[in-house]
Structures are given as structure tokens and as C-alpha cells.
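Chain and residue survey
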Amino acid sequence: MRTGVSGFQPERLIQARESLGITRVALAALVGVSPATISNWEKGSQSPEEDKLRALGDAVKFPVNWFLTSSPEHGNRPYFYRSLASSTKTAREMARVRLNWVAEISGLLGQWVNLPKVNVPHISEEAFLKITDSEIETLAYECRRAWGLGMGPIPDVVLALENAGIVFSRSEIGYLKMDGVSHWSSLDNRPYVFVAADKANGIRNRFDASHELAHLVLHRNVDEQAFRKHYKLIERQADLFAGCFLLPAESFSSEISWPTLETLLSLKQRWKVSVAAMIMRCYQLEIIDDDQKLRLFKGRSARGWTKGEPYDDYFPFENPRLLNRAVRMLVDQNIVDRSELSYKLGLPEYLIESLCGLPKGFFSTELNEGNLVELKERSGRRRDKPGSGKGGDVVEFPARKFE
């Protein structure tokens, strides 16, 4: 028979621990219990007593009510990662948990706002095994056409994804080897992308976002078993799609007469794509052969560009806007105040701020005491009082750009 606090949710403890990348042994030491006790809490065979629950919350910096709210089911579709190596297992768990939290946040905000409609083309379940490179090129073009992006450089890849109904989040997790993760959530049948911000490189961020978009387009109906079995093929397809999406064949190739490193470097500022990615794109378009590709990569390495190319820091990160603006709209229009919204979301405030792209301290601003006196009303002039309930309508995001 379970003892302890009634309503304790084991899954929330697992999420909190995995999001921090700590072991049961380490958590047990922080809480002051045995590792076996932590294991029992996570299995649901035992619940913490009230004092231990508060100690647990203090240890992981999560509010106590978080552990008493049920966790929704996100579905069985796979989470697409760039690496399945054992060395990145902890980072994958952290990214997966945070992506799920982004979906939960989005679902709660959806009670008040309409997010953009999902407009992401996709293929059938088994088609990815038969799809050709030229068909991947066509799908990348179809995305551009459907989203009105033209055939030139994409000004803001993240904004393009958000306009298509993809909820995007970017924050640091403490692992340089983690790029990102994408998933079609069963909560609302909406696609979600989380990209790690630990690699301070705006150019790489654009490619990572395009790579995750590829999974949403090409691999939406792939199951977990197929993902692991065909991992290398799936990743190659995603890289190819990203190159096609960022560098359309006709327009990009027309700007290259002879692909030297200097030529590609000059084009980097226009297309906002790395020299390495442009070398691979030139090879895919048969502008260069195997020997030329090898020489270009050797020359790139000789210049010391493998650890960082020129102009990598020239472009800032493309920041997500969707969740940020949804939260600000609700707060600014007095639909829900910050403290109540923070409580409903349940997560620690610093995590909500990070996942939603809000400034640090957004939820912990000092209480606004307001005016203790008011001007008298004059004839012909009407002033709505704060808290009168005005502006409480549902706010709708347009389906297209909302900048």
C-alpha cells in the first residue's frame, strides 16, 4: 500500500530529474534519502511524506504543486535526434523532456490564444525508404512555395517554421554535443522543435532548424523501431533536405561560377549557410566531383575552419517569437496575471522563461501597487478601471507572419 502524499505523480519526478541530467544516487543525496527510496518514488510503489516532498522540491528547484499534477501522454511517435551515441543519452533525455514541456505550455496557452494552423507537407509511413534525392529536393521546394519564401535566401528560418504552425523553442541544456530534437505530439497533433543553444552559432542554428524540419516533413509517420533501424538513412535524408531548403538548386547554383573557398565564403553572408554546407550542396548538385569536394574540405581544415568559420558570429541567433508573444499578450491585456500564469504552467519560473524565450525575471517582477488615487471623470470622457474585465476576448494569431 502506498504511503505519503496523496496524488504524487512519479512521472513528474522522473521528468524533473532527467531535465537536470542527474542520477538517482545524486538526487537521493540532495534530498536526504536512499537511492532505493528515489527509485520507489519513481516506480510509484511509494510516495514521499510531506517534509520529503518539500525537500525534493527544494533539491531540484521545482514547485511542490508540479509533483501533484498529472503528466499528459505525448504519443508513441519517435523523437528525432542527431545522435544516438551512448555519450549523448543524458542530453537526449534532457532535450526530450524540455520539448514535452514546450508542448504542455503550448497546450495551456491554447486555452486563450489560437496558434497558427499547421501547414507542413509530409509523406506516407513507408515512403521514406523509397524516396529519391530528387523527390526530397521537390519536397523542400514545396515547403518554400507553400510558405511564400521565394527562391532566395530565407531571412529567418525559425520565423518561417513558426508561421507554418511549428512550435519552436531554443535554450541551453549544458551539452555541446546536443543539437536538437523534433516530434509530432499527440497532445494537439502539432509539430514541435527544440534546439539547444549551447553552440553559440547563429549559422548552425539555421541548419539545425532546417534539419529538424526535414524530420517533420519526411519522417512524420516513422515509428521508433524503424527510426533506430534506418537511423543513418534518416539522418542523411534530413541533412539533404536541409541543404535543399536553405540553398535551392536553381538560384544557388546560378551564383557559383567556380566554387573556391573564397567564393563560398563571400556567399555565406548572403545565404547565411556555412561553407561546409555549401561544399556539400555543390557536390549534391554535381557542380563539383569527389576530388574537388575533398580538396575543398582539406583546404577548409588547413585554414582552421573546422572549429569555427569566418562570419559565424556575424549573424545573431534567430529567436523564437510564438510562445514569447503569446505569454506577453495574455499578460499585457490583463487576461491572466503573471503569478497566476506561472502557477498554471507549473514549471519553475526560470524554465518557463527559458523555454518561452522570455527575459530572465519576467515572472518575478516586483508587484505593481498601481495608483492609489484616480483622476475624476469629466463629461464626455470615459475611463475603464483596471480589472474591469475589458480585453478578455480570445486573441487570435494570424496564419501568416505575425511580426
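1. Quick word on the pattern of salt bridges
- Enumeration over the complete set of coordinates arrives at 23 salt bridges.
- As a salt-bridge pair, Lys89 and Glu93 come within 2.6 Å of each other at their nearest N and O atoms. Pair noted here: Lys89 and Glu93 are both in helix α5 (residues 89-109), with a separation of 4 residues, about one helical turn.
- Taken together, the shared-partner salt bridges in this structure form one network comprising Arg82, Asp179, Arg204, Asp208 and Glu235.

2. Focus on the packing of aromatic side chains
- In the structure shown here, the tally under the stated rule is 13 aromatic pairs.
- Ring centres of Trp147 and Phe245 lie 6.1 Å apart, and the angle between their planes is 80 degrees; on these two criteria the pair is classed as edge-to-face. You can see Trp147 sitting in the loop between α6 (133-146) and α7 (157-163) and its partner Phe245 sitting in helix α10 (residues 231-246), a full 98 residues away along the chain.
- You can call Trp147 buried: its relative accessible area is 5%.
- Aromatic pair Phe252 and Trp271: ring centres 5.9 Å apart, planes at 90 degrees, arrangement edge-to-face. Taken together, the positions of Phe252 in helix α11 (residues 249-253) and Trp271 in helix α12 (residues 261-271) put the pair 19 residues apart, joining distant regions of the chain. Comparing Phe252 with Trp271, the two get one shared label, buried.
- Over the face of the ring belonging to Tyr283 we find Lys293, whose NZ or CZ atom lies 4.1 Å from the ring centre.
- For the cation-ring pair, Arg338 lies above Phe362, with the distance from its terminal atom to the ring centre recorded as 4.2 Å.

3. Topic: unusual backbone geometry
- Here the phi dihedral of Tyr311 falls at roughly 75 degrees; this positive angle occurs in a residue that is not glycine.
- Phi at Asn334 is positive, roughly 60 degrees, even though this residue is not glycine.
- Secondary-structure assignment places Asn334 in the loop between α15 (322-332) and α16 (338-345).

4. A word on the confidence of the model for the chain
- With 89% of its residues at a pLDDT of at least 70, the chain reaches an overall mean of 88.
- Of the regions scoring below 50 in pLDDT, residues 381-403 engages in 49 contacts with residues more than four places distant in sequence or in other chains.

5. Regarding the environment of Pro248
- If you trace the backbone, Pro248 turns up in the loop between α10 and α11.
- Considered as a pair, Pro248 and Met151 are 97 residues apart in the sequence and their alpha carbons are 6.3 Å apart.
- Leaving out residues up to four positions away in the same chain, Pro248 has contacts with Arg144, Met151, Ser253, Trp271 and Arg281.

Analysis parameters
Note that residues are indexed from 1 along each chain, following the sequence as it is written. Note on the predicted model: pLDDT of at least 70 is required for a residue's local features to be given, and 80 or more for side-chain atom pairs to be given and counted; whole-chain, interface and lining totals, by contrast, use all residues. Where side-chain values are given, they derive from all heavy atoms of the structure, hydrogens and water being excluded. In what follows, salt bridge is the name for a side-chain nitrogen of Lys or Arg lying within 4 Å of a carboxyl oxygen of Asp or Glu. Counting from the N terminus, the helices are the DSSP runs of H or I reaching at least four residues and the strands are the DSSP runs of E reaching at least two. A pair of Phe, Tyr and Trp rings is counted when the ring centres sit within 6.5 Å of each other, with Trp represented by its six-membered ring. The angle between the planes then sorts it: under 30 degrees is stacked, over 60 is edge-to-face, the rest tilted. Note on exposure labels: buried denotes an accessible area under 20% of the residue type's maximum, exposed denotes more than 50%, and partly exposed covers the range between, all computed with a 1.4 Å probe on protein chains only. Distance and angle both matter: a charge sits over a ring if NZ of Lys or CZ of Arg is within 6 Å of the ring centre and within 35 degrees of the ring normal. Residue-level confidence of the predictor is summarised by pLDDT, bounded by 0 at the bottom and 100 at the top. The contact definition used throughout considers only heavy atoms, calling two residues in contact when any of these lie within 4.5 Å.

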